[in-house]
Amino acid sequence: MQYDLIVRNGSVIDGSGLPAYRADVGVRGGRIVEIGRIRGAAREIVDAEGLVVAPGFVDGHTHMDAQISWDPLGTCSCWHGVTTVVMGNCGFTLAPCAEASKHLVMRNLERAEDISPEAMDAGIDWTWTTFSEFLDHVDQLPKGINYAGYIGHSALRTHVMGERAFEELASADDLSAMARELRSALEAGAIGFSTSRTPNHETPDRRPVASRVADWEELRALAGVMGELGAGIIEIAGEHPGRNPDRIREYHVRLRDLALDSGRPITWGMFSTRRAPELWRPYFDLLDETAAAGGRMFAQVHSRALNVVLSFKTNLPFDSLPVWRELRALPLDRQLALLRDPDVRRRLVEAASVRTTERAVGTEARPARYEWIFLMDSVAGPHPSIDTLARERGADPVETLIDLALEKDLDRFFLQPIANEDSDHVLEMMQHPHSVVTFSDSGAHVSQIMDASLQTHVLSHWVRAREAFTLEQAVHMLSFIPATRWGFDDRGLLRPGFAADMIVFDPDTVAPLMPEVVHDLPAGARRLLQRSLGISTTIVNGAVVLRDGEHTGAYPGKLLRSSPGGAGGAWRI
């Protein structure tokens, strides 16, 4: 038999959770056709001697809706073993929306997801109005990896209601129009419907994003459309009912009943927090309760702390203070010179000692607490706190932070965890049977966080350093489980007949590398970028896309469209 590609001599970890075994993998027509000892010829051979061959990873929580227009590779996710992503989370999509109204969807995205409107304006060729037309647009774009997408509630509202979407409840006519467009989107292949009800999501003028203005009855009505059609997953950036048990319970009953009444799977993200360390547990009890009642619900969890990545090249907790704002508006080389001026430093330190009352939104930098800001000179750490380093130096914490940055000409990072500070809680959430390890937020918060590396963090930290999971368990967690939850029924496993999405990696060295700041977005907008070590080959639909992290020139990625029926439905490409 003639093959297009053979991956030879690897240790196959097939995604099922079963033990590794030595085998070759043969590919033809973008599909796996044989696994075993293969003696046939192939147009291309990948030598995996001493390496692991695994299914490509699936990331169910990204915001690549805009990025796909200017970045066909899907960076940074593609550098961390991800071969399929789901975009359009939290109600934020670019469709439905006519070009003349694009400022409305950009308003939803700009602050809530830290996506530059200048980059979107310069980088997107707006050729659609409906969500169906947007999918057709994505279908035609070159793609290094595979994409699926939700239709977002905020975009749906602004498409139907215009400016009223930010202020008013929907009328009966509004709701009928939204229902028609939602049905059309699902029939065209949307993976589902996403929404946000969290106060973390605001517009640049500090108003709620459009979906937050909707009442619960609007959400129930749209979920009912999905139930009637038998299509789609419902993704919710959830409400914040606080710590009151009665309010939490009332919200949980609504979520449970939404899953039961619609018959659709519901998913939401969950983090632990040091401010209320046990708050996450009732949410995981809800997952068990919903399953016992006959509903489908799963949580999306992270593999580490959710960190704001601070630096003079990106953001600092003091940037909104007048003295600091004046400094930070200057070119970086000018900042560097002024920071060496004792009088300037004194004024900056004095200004930063005054607590700001400005509220952070989403993953923006929080007001500084120096026991919770850490020096990041390596990915793995240790990461000493600025408070500890200041006490060791006998200096003010702000002055210490400035000195540390100056030691590397401002090319230094600091971490400010805003959630998942307790690693034992992170591990417990990862191990829950109704959770999925995902939530990179790739494509969003691009100058604030860098979580596209959560998959390589699982392999380097939780498998190799902590030995909390076997390699087989980790691959299963990152491939088969999310593929199954989102209904990708031909991905996430290495089996004959499955799509040939594979990664070849060294289990002894695979790890995320340090982030860096680049200005490679349209209009020169900045972002944090992070590559990985130890992944030698990334294969998508049978074609080698990356070798040692470098692009081969191939764009074999596909738009994955869902059809009514099933979790995400039957899939067509």
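Predicted model only: the values in this text are computed from it and were never measured.

### Points about helix α3 (residues 131–140)
A turn of α-helix holds 3.6 residues, and therefore any two residues three or four places apart point the same way.
Here is step 1: Residues of α3 that are buried include every one of Phe131, Phe134, Leu135, His137 and Val138, and no others. Along the axis of α3, the buried residues cluster in a sector spanning 155 degrees; they form a single face.
Here is step 2: For α3, the secondary structure elements touched by its buried residues are β7 (82–87), β8 (146–152), α5 (172–188) and β25 (561–563).

### Quick notes on the side chain of Ser311
Here is step 1: Looking at where Ser311 falls in the secondary structure, it is placed in the loop between β13 (306–310) and α10 (322–328).
Here is step 2: With a relative accessible area of 1%, Ser311 lands in the buried category.
Here is step 3: There is a polar contact of 2.9 Å between the side chain of Ser311 and the side chain of Thr314.
Here is step 4: Residues in contact with Ser311, not counting those within four places in the same chain, are Leu316, Arg328, Arg412, Phe413 and Val517.

### With respect to unusual backbone geometry
Here is step 1: Following Ala95, the chain continues to Pro96 via a peptide bond in cis, the omega torsion being 0 degrees.
Here is step 2: With respect to the helices, strands and loops of the structure, Pro96 is situated in the loop between β7 and α1 (102–110).
Here is step 3: Note the cis peptide between Gly381 and Pro382, where omega equals 10 degrees.
Here is step 4: Relative to the elements of secondary structure, Pro382 occurs in the loop between β14 (374–376) and α13 (386–393).
Here is step 5: In this structure, Arg206 is a non-glycine residue whose phi angle is positive, near 65 degrees.
Here is step 6: Along the polypeptide, Arg206 turns up in the loop between β9 (192–196) and α6 (210–213).
Here is step 7: Overall, Arg206 belongs to the partly exposed group, its relative accessible area being 35%.
Here is step 8: Even without a glycine there, the phi angle at Asp409 is positive, about 50 degrees.
Here is step 9: Relative to the assigned elements, Asp409 resides in the loop between α14 (397–407) and β15 (413–419).
Here is step 10: Note on Asp409: relative accessible area 49%, which makes it partly exposed.

### What about the side chain of Ser194?
Here is step 1: Position of Ser194 relative to the elements: it lies in strand β9.
Here is step 2: Beyond its immediate chain neighbours, meaning those up to four positions away, Ser194 contacts Gly88, Asn89, Cys90, Gly91, Phe92, Tyr150, Ile151, Gly152, His153 and Glu235.

### Things to note about the packing of aromatic side chains
Here is step 1: On inspection of all chains with the given rule, the structure shows eleven aromatic pairs.
Here is step 2: Consider the rings of Trp280 and Phe284, whose centres lie 5.3 Å apart with planes at 85 degrees: the pair is edge-to-face. Across the pair, Phe284 and Trp280 agree in class, each one buried.
Here is step 3: Here the aromatic rings of Phe298 and Trp486 are separated by 5.1 Å at their centres, their planes lie at 85 degrees, and the arrangement is edge-to-face. Here the residue Phe298 occupies a position in strand β12 (residues 297–301), and Trp486 occupies one in the loop between α18 (480–485) and β17 (502–505), the gap between them amounting to 188 residues. By the burial criterion, Phe298 is buried, and Trp486 matches it.
Here is step 4: An aromatic cluster of at least three residues, connected via ring pairs, comprises Trp126, Trp128, Phe131 and Phe134.
Here is step 5: Over the ring of Trp216 we find Arg254; its NZ or CZ atom is 4.6 Å from the centre of that ring.
Here is step 6: Directly above the ring of Trp79 sits Arg531, whose terminal nitrogen or CZ lies 4.0 Å from the centroid.

### A word on the sheet that holds strand β10 (residues 233–237)
Here is step 1: As summarised here, the arrangement of the eight strands in space is β6-β7-β8-β9-β10-β11-β12-β16, forming an open sheet in which the pairing is parallel. In the strand order of this sheet, the two ends are held by β6 (57–59) and β16 (435–437), each with one partner. Along the sheet, successive strands turn relative to each other by an average axial angle of 25 degrees, direction set aside.
Here is step 2: Across three bridges, β12 lies against β16 in parallel orientation.

### Thoughts on the pattern of salt bridges
Here is step 1: Applying the stated criterion across every chain yields a total of 50 salt bridges.
Here is step 2: A salt bridge links Arg391 to Asp387; the shortest N-O distance between them is 3.2 Å. Residue Arg391 and its partner Asp387 are both found in helix α13; the two are separated by four residues, about one turn of the helix.
Here is step 3: It is possible to trace a salt-bridge network through shared partners that takes in Asp377, Arg393, Glu407, Lys408 and Arg412.

### Re the environment of Ser562
Here is step 1: Inspection of the secondary structure puts Ser562 in strand β25.
Here is step 2: On the basis of relative accessibility, which here comes to 2%, the residue Ser562 falls in the buried class.
Here is step 3: Once the C-alpha coordinates of Ser562 and Leu330 are considered, the two residues, 232 residues apart in sequence, prove to be 48 Å apart.

### Topic: α14
Here is step 1: Of all eleven residues that make up α14, eight are buried, and the element is covered over most of its length.
Here is step 2: Among all positions in α14, only Pro397, Val398, Thr400, Leu401, Ile402, Leu404, Ala405 and Leu406 are buried.
Here is step 3: In the core, the buried residues of α14 are packed alongside α10, α11 (332–339), α12 (342–352), β14, α13 and β15.
Here is step 4: At the N-terminal boundary of α14, the capping side chain belongs to Asp396, with an oxygen 2.7 Å from the backbone nitrogen of Val398.

Conventions and cut-offs
- Residues numbered from 1 in each chain as written.
- Predicted model: local features only at pLDDT ≥ 70, side-chain atom pairs only at ≥ 80, totals over all residues.
- Heavy atoms only, no water.
- Buried < 20%, exposed > 50% of the residue type's maximum accessible area, 1.4 Å probe, protein only.
- Helix = DSSP H or I, 4+ residues; strand = E, 2+ residues; numbered from the N terminus.
- Arc of directions from axis to C-beta.
- Contact = heavy atoms within 4.5 Å.
- Polar contact = N/O pair within 3.5 Å; in protein donor to acceptor, adjacent residues only side chain to side chain.
- Phe/Tyr/Trp six-rings, centres within 6.5 Å; stacked < 30°, edge-to-face > 60°.
- Lys NZ or Arg CZ within 6 Å of the ring centre and 35° of its normal.
- Pairing = 2+ DSSP bridges.
- Axes fitted to C-alpha atoms, helices over the stretch in contact; angles between N-to-C directions.
- Salt bridge = Lys/Arg side-chain N within 4 Å of Asp/Glu carboxyl O.

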